[in-house]
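A closer look at the structure
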Amino acid sequence: MRRGAGAGAGGGGRESLEEWYSHWLADTPGPVRVLVAAERKYGPPMLRDLYTALGERIHHERAPIGPELYAAAHPGFFEFKRGRTESPRAS
C-alpha cells in the first residue's frame, strides 16, 4: 500500500471505496472512544475482550456501529439514556 492511501490517512484515497464501506467508515470514531474509555476505567483485560467482541460484530457480521453494537458486544456493560450510550459503568 502506498503511503497516504489507507483509511487512517486523513481520508486520502476514500473516493474509490465501495459506498457501503465509505458510509461505514464515517462512524468508526465511536468504537475507538468506547474502547479507550473502557481501558482507562477497567484496564487492558477489558480492552482486549471488548476489542475482540466489537471486531467480530463489525468485521464478520457487518453490524452497524452504534449503541446496539456496544450493548451486544458486552451485555450489561452499557447503559442507555435518552438515545445515547453512556460511559461504561462501574460494576
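An account of the accompanying structure is given in this report. (Residues numbered from 1 in each chain as written. Predicted model: local features only at pLDDT ≥ 70, side-chain atom pairs only at ≥ 80, totals over all residues. Heavy atoms only, no water.)

With that out of the way, let us pick up the overall build of the protein. Scanning the protein for helices and strands turns up four helices and two strands. Starting at the N terminus and walking to the C terminus, you meet the elements of the protein as α-α-α-α-β-β. Put simply, the protein has 91 residues, and 27% of those count as buried. Across the protein, the fraction of contacts at a sequence separation of at least 24, relative to all contacts at a separation of at least 6, is 39%. Just so you have it, the protein exposes about 6600 Å², and 52% of that area is on carbon and sulfur atoms. (Helix = DSSP H or I, 4+ residues; strand = E, 2+ residues; numbered from the N terminus. Buried < 20%, exposed > 50% of the residue type's maximum accessible area, 1.4 Å probe, protein only. Contact = heavy atoms within 4.5 Å. Areas by Shrake-Rupley, 256 points an atom, 1.4 Å probe, with all protein chains shown as cover.)

With that out of the way, let us pick up the nonpolar core. Among the nonpolar cores identified, the biggest contains 15 residues, and Leu-50, Leu-54, Ile-58, Ile-65, Leu-69 and Tyr-70 are the most heavily contacted of them. Those elements giving two or more residues to this core turn out to be α1 (19-25), α2 (29-42), α3 (44-60) and α4 (67-73). Looking at which element gives the most residues to this core, the answer is α3, with five residues. (Core = buried A, V, L, I, M, F, W, Y, C linked by side-chain atoms within 4.5 Å.)

Counted at 1.5 Å a residue, the expected span for α2 with its 14 residues is 20 Å, and the 20 Å between its end C-alpha atoms agrees. Along α2, the positions that sit buried rather than exposed are Gly-30, Pro-31, Val-34, Leu-35 and Ala-38. For α2, the arc enclosing every buried residue in end-on projection is 130°, short of the 170-degree limit, so these residues lie on one face. Exposed side chains of α2 directed beyond 90 degrees from the buried face belong to Arg-33 and Arg-40. As for α2, its buried residues are in contact with α3 and α4. One or two steps after α2, the chain reaches Gly-43, where phi turns positive at roughly 95°. (Expected span 1.5 Å × (residues − 1). Arc of directions from axis to C-beta.)

Attention now goes to the packing of α2 against α3. How two helices sit against one another is set out by the angle between their axes and by the gap between those axes. For the pair α2 and α3, the least separation of the axes is 7 Å and the interaxial angle reads 160°. In this view, α2 runs roughly antiparallel relative to α3, as classed from their interaxial angle. Crossing angle aside, the handedness with which α2 passes α3 is right-handed. Across the interface between the two elements, Pro-31, Val-34, Leu-35, Ala-38, Glu-39 and Tyr-42 of α2 pack against Pro-44, Met-46, Leu-47, Leu-50, Tyr-51, Leu-54 and Ile-58 of α3. Split by residue class, the contact of α2 with α3 holds twelve nonpolar, no polar and one charged. (Axes fitted to C-alpha atoms, helices over the stretch in contact; angles between N-to-C directions. Parallel < 35°, antiparallel > 145°, perpendicular 65-115°, else oblique. Left-handed = near helix turned anticlockwise from the far one by under 90°. Nonpolar A, V, L, I, M, F, W, Y, C, P; charged D, E, K, R; others polar.)

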